[in-house]
Amino acid sequence: MAVRQHLKPLFLATSALTLLVACSEETNTANEAAPVSEPTTTARPVDQAAVITHYADLAQATYQDALTTAQHLRNAVEALIANPSDETLDAARNAWLAARVPYQQSEVFRFGNAVVDDWEGQLNAWPLDEGLIDYVANDAYQYELGNDGATVNIVANTEINVGGQTVDVSTLSPELLADLNEIGGSEANVATGYHAVEFLLWGQDLNGFEAGAGNRSATDFAAGDACTNGNCERRAAYLEAASELLVQDLEWMVAQWSPSTTTNYRHELTSMATTEVFQKMLFGMGSLSLGELAGERMKVALEANSYEDEHDCFSDNTHNSHYYNGKGIENVYTGTYTRVDGTVLSGPSLSALVAETNPVLDAELTQQLQASMAALGQIKAAAEASDNPTKFDMMIAPANTSGAELINNAIAALVAQTANIEKAARIVGVESLQPDDAGHTF
Amino acid sequence: MPSLVSLRPLRHYLLAMALFVTATSSQANEALTRLHQDIGHGYTQLSETSNALADSASAYCRAPTGENQAKLRENWREAFLSWQRVRFVDFGPIEQNSLAWQFQFWPDPKNLVASKVSFWLHQDGELTVNTIDTAGVAVQGFPALEYLLWEPTFLQSDQALPAARSCDLLTAISQHIARNAQTVTAGWYDMASYYESTDDYSATTIKAAMSAVEVIRDRRLGAPMGLRGNGRRNAYQADAWRSGLSLETIRASLEGLDTLFSPGLGMELDAAGASEIKQRLAARLTEALSNFDDLPDGMAPLLNGDGYNSLQALYIDLELLEQVLTDDVAPTLGVIRGFNSSDGD
């Protein structure tokens, strides 16, 4: 969606002098506050190429987990369709929630790696005008201004017309759904991905700022007279096709990061200059941290009291989506990823590389990443409390000061770490983040 | 789809971390003094016009004549355009409490302004400026007033002004805006000596102007023209489409850069021995502003007709203006950029 100018990173606190020092001498080990002596143990120099290879390994493992959990989701969806019941619907919803855990951690690979950024819209575009897909409540549906597709209801129609373009949608295949994305030119026309599947599993959340998520009944997928809200077979076909497309898309991305071929993105990436890759790694961390997570996904919703801008608005799983976004940022810096089966992948990290030159900065950034995870963890804990849980859409209600405080704390922590992500960029040789200034020294 | 100039995504512009290498500090300080004065003048205008707007809202609700309504709309327009002139300043007191969003929550693709205004009109109980102070950015600013003054569906409803509840909301929001305008103006003058003695603010101010030009080109003009994403033209993506002032707001923002930013920057460029760049920038601004002589206030009529090429001409002039700032001004004055809050999608 269009981005408002919101969070300004607050570098006024850091003096120009600091930056001059940090910029001018790559090998400078001094922190701004006090010079720091070299670590007493003499570590071997960190192998820059190994840091990059490990970054690619992290991406591959994360996407592999996203794929595995998406396959489970597809299987659960097939079970739901074969036998719609509260149990099979619950199982499918749980599979969706589990699938979000690795996927949200993968988003840190998005910014900077065009192969991901160009691809991800089909999987995680948001927010969506869900009336494109299925029935919606007339009085509680706020859609994008000027979007002709916002109410076409593909499930209920075999032919749709959006902005003068007529499309035969009688057969709901993965390919057709992919083609329907952004039909009529609106970004809110999201026909595929996690949120389309989420909408079909949960339905609209009609509770506003009150407790409760979407409450679709399993009978929305029932055969014959048991079918509620009509078109159950087409709804089931839609859900199945969207789930299948998710699997196909993730298979493609896993292959892009595989080490066993030389014709994929991983090969391209590992052939680049090291500073170029470090730039991508840090750019991904900073962009997700500041503009996307702190800004688009939290600040907009909070400041405008807008549950329309809640990320997982149908399922009320937003706290987890935010939490695992944060985790992904930490993963890239620490070179560590806890896989869905519990095994831990770890290896040469950006952290080690930064520490080699500026251990104080490394310690500070590591601590900040932990602090932002703690702040996101507070949101998660409040949302999952056994007693009176407060979901994200309740936290952003007008006058909910304690909810706002939780979110503001997380925003502040993410903004703070972004400042040091920039410093870290210079430490690892990403001298200028502004192409037009390349070669300038200060 | 006539995309004349490719849009470089904002996310590739890394912004915010900025350095300024002083040429001679006394001249630089003079420049900062000038910038502080000029921007202060812009805030003072915002304050004065916002006070006039609040007075006008009260007067209209006391005596809802056609004349008072016309005056109210005109006062809204003047205050809103005052905001456009100083909108490029994204640092200092405006950073507190999301004040920029409080003045203008934008863009608003989901029409939150409409739903929040409707929410407050349907609530029972007191509705005063104190209610609005904590009511969320979608109902705190100029767009919410614009809705009350121009939205056709609302004007035809039984709640249309001067209905009592709507008048309460109108006066409360106007007073909230006036209050915020005083706050930001006072805050700006309070930081005078800090601003003038902190060289960093030079780059911060330049960076703010660069960012503002990019936002005008890419989002305030390029997005409604369909130059972002997949080419759909959509008037709702522009500013102030309800009042038909989308282009007039862009003109006001460019005027703000011309009068509140350009003179102080010119002193810095002179001090850096780059008077030629100063002249180039002034020429680009003049050229960009000259487009408006032949343009209407609104954008919608031009999006789907012969007028589209005049929007393209404006777009190109904004592109050229941005290039002078990025390619000439920034390197000359040693401004580099870091992460942008707009990085993301």
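What you are looking at is a predicted structure, and each value in this text was computed from that prediction instead of being measured.

With that settled, consider the overall build of chain B. Scanning chain B from N- to C-terminus turns up 14 helices and zero strands. Ordered by position from the N terminus, the helices and strands of chain B form the series α-α-α-α-α-α-α-α-α-α-α-α-α-α. For chain B, the proportion of its 345 residues judged to be buried stands at 54%. Sequence-distant contacts in chain B: of pairs separated by 6 or more residues, those separated by 24 or more amount to 82%.

Let's shift gears to the overall build of chain A. Within chain A, the secondary structure is distributed over 14 helices and four strands. A buried classification covers 55% of the 442 residues belonging to chain A.

What follows is about the confidence of the model for chain B. Close inspection of predicted coordinates is inappropriate for parts of the model with low pLDDT. Residue and element names in this part refer to chain B. Predicted confidence across chain B gives a mean pLDDT of 90, with 89% of residues reaching 70 or more. This stretch, residues 1-24, has a pLDDT under 50; its non-local contacts, to residues over four places away or in other chains, come to 81 contacts. Among the scores for the predicted complex, ipTM is 0.79 and pTM is 0.85.

All names here are of chain B. Its 26 residues place the ends of helix α11 (residues 246-271) 37 Å apart at the C-alpha level, agreeing with the 38 Å of an ideal helix rising 1.5 Å per residue. Where α11 bends most, at Ser-262, the angle is about 45 degrees, and the proline Pro-263 comes one to four residues later. At the exit of α11 stands Gly-273, carrying a positive phi of roughly 70 degrees.

Residues in a regular strand project their side chains so that they alternate between the two faces of the sheet. Residues and elements named next belong to chain A. The pairing of strand β1 (residues 159-162) with strand β2 (residues 165-168) spans four bridges and is antiparallel. Bridge assignment links Asn-161 to a residue of β2, and that residue is Thr-166. Counting the residues in the hairpin turn of β1 and β2 gives two residues, including Gly-163, whose phi is positive at 55 degrees.

Another point: the nonpolar core. Core analysis: the largest hydrophobic core is formed by 219 residues, its most contacted members being Ala-410 and Ala-424 of chain A together with Ala-209 of chain B. With 16 residues, helix α2 (residues 48-82) of chain A is the single largest residue contributor to this core. Here this core gathers at least three residues from each of two domains, domain 1 (11-37 + 199-333) and domain 2 (44-190) of chain B.

This part covers the packing of α2 of chain A against helix α3 (residues 86-106) of chain A. Residues and elements named next belong to chain A. Relative to each other, α2 and α3 sit at 165 degrees, their axes nearing to 8 Å. Classified by the interaxial angle, the pair formed by α2 and α3 is roughly antiparallel. Our pair here, α2 against α3, has a crossing hand that is left-handed. Listed contacts from α3 to Thr-62, Tyr-63, Asp-65, Ala-66, Thr-69, Ala-70, His-72, Leu-73, Ala-76, Val-77, Ala-79 and Leu-80 of α2 are Thr-88, Leu-89, Ala-91, Ala-92, Ala-95, Trp-96, Ala-98, Ala-99, Pro-102, Tyr-103, Gln-105 and Ser-106. Of the residues contributing to the contact of α2 with α3, the split by class is 17 nonpolar, six polar and one charged.

This part takes up the confidence of the model for chain A. Residue and element names in this part refer to chain A. In this model, chain A carries a mean pLDDT of 88, and residues with pLDDT of at least 70 account for 88%. Residue range residues 1-40 is modelled with pLDDT below 50. Its contacts to residues more than four positions away, or to other chains, number 84 contacts. Below a pLDDT of 50 lies the segment residues 432-442, which in the model reaches 27 contacts outside its immediate sequence neighbourhood of four places, other chains included.

Once that is clear, we can look at unusual backbone geometry. That bond from Trp-126 of chain A to Pro-127 of chain A is cis: its omega, -10 degrees, falls within 30 degrees of zero. Tracing the sequence through the fold places Pro-127 of chain A in the loop between α4 (114-124) and β1. Here the bond from Trp-106 of chain B into Pro-107 of chain B is cis, since omega is 0 degrees, no more than 30 degrees from zero. Structurally, Pro-107 of chain B is set in the loop between α3 (99-103) and α4 (112-122). Phi at Asn-231 of chain A takes a positive value of approximately 60 degrees, unusual for a residue other than glycine. Tracing the sequence through the fold places Asn-231 of chain A in the loop between α6 (194-202) and α7 (232-256). At Asn-388 of chain A, a position not held by glycine, the phi torsion is positive, near 45 degrees.

Below, the discussion takes up helix α12 (residues 359-384) of chain A. Residue and element names in this part refer to chain A. Taking 1.5 Å per residue, 26 residues should reach 38 Å; α12 reaches 37 Å between its end C-alpha atoms and fits that length. Those residues of α12 lying buried are Leu-361, Asp-362, Glu-364, Leu-365, Gln-368, Leu-369, Ser-372, Ala-375, Leu-376, Ile-379, Lys-380 and Ala-383. Contacts made by the buried residues of α12 are with α10 (318-334), α11 (350-357), α13 (392-395) and α14 (401-427).

Residues and elements named next belong to chain B. Here the domain parsing of chain B yields domain 1 (11-37 + 199-333) and domain 2 (44-190). Distance from the C-alpha centre of domain 1 to the C-alpha centre of domain 2: 26 Å. Listed as interface residues are 20 residues of domain 1 and, on the opposing side, 16 residues of domain 2. Mapped onto the side of domain 1 that touches domain 2, the elements with two or more residues apiece are α10 (200-225) and α11. The biggest single contributor to the side of domain 1 that touches domain 2 is α11, with nine residues. Broken down by class, the residue content of the side of domain 1 that touches domain 2 amounts to nine nonpolar, seven polar and four charged.

All names here are of chain B. With respect to the helices and strands, Ala-54 occurs in helix α1 (residues 25-62). Of the residues examined, Ala-54 has 24 C-beta atoms within 10 Å and is grouped as buried. When the C-alpha positions of Ala-54 and Ala-300 are compared, they lie 29 Å apart, and in sequence the two are 246 residues distant. Residues in contact with Ala-54, not counting those within four places in the same chain, are Ser-174, Gln-175 and Ala-178.

Moving on, we get to the packing of α10 of chain B against helix α14 (residues 308-333) of chain B. All names here are of chain B. The N-to-C vectors of α10 and α14 enclose an angle of 160 degrees; their axes lie 10 Å apart at closest approach. Relative to α14, α10 is oriented roughly antiparallel. Where α10 crosses over α14, the two elements pack in a sense that is left-handed. Taking contact as the criterion, the partners of Ile-206, Ala-209, Met-210, Val-213, Glu-214, Ile-216, Arg-217, Leu-221, Gly-222 and Met-225 in α10 are, on α14, Leu-311, Leu-314, Tyr-315, Leu-318, Glu-319, Leu-321, Glu-322, Leu-325, Thr-326, Val-329, Ala-330 and Leu-333. Grouping the constituent residues of the contact of α10 with α14 by class yields 16 nonpolar, two polar and four charged.

Each value, and the rule that gives it
- Residues numbered from 1 in each chain as written.
- Chains lettered and ligands numbered in written order.
- Predicted model: local features only at pLDDT ≥ 70, side-chain atom pairs only at ≥ 80, totals over all residues.
- Helix = DSSP H or I, 4+ residues; strand = E, 2+ residues; numbered from the N terminus.
- Buried ≥ 20, exposed ≤ 12 C-beta atoms within 10 Å, placed from the backbone.
- Contact = placed C-beta atoms within 7 Å.
- pLDDT = per-residue confidence, 0-100.
- Expected span 1.5 Å × (residues − 1).
- Bend = angle between axes of the 7 residues up to and from the residue.
- Pairing = 2+ DSSP bridges.
- Core = buried A, V, L, I, M, F, W, Y, C linked by C-beta atoms within 7 Å.
- Domains from an automatic or database assignment.
- Axes fitted to C-alpha atoms, helices over the stretch in contact; angles between N-to-C directions.
- Parallel < 35°, antiparallel > 145°, perpendicular 65-115°, else oblique.
- Left-handed = near helix turned anticlockwise from the far one by under 90°.
- Nonpolar A, V, L, I, M, F, W, Y, C, P; charged D, E, K, R; others polar.

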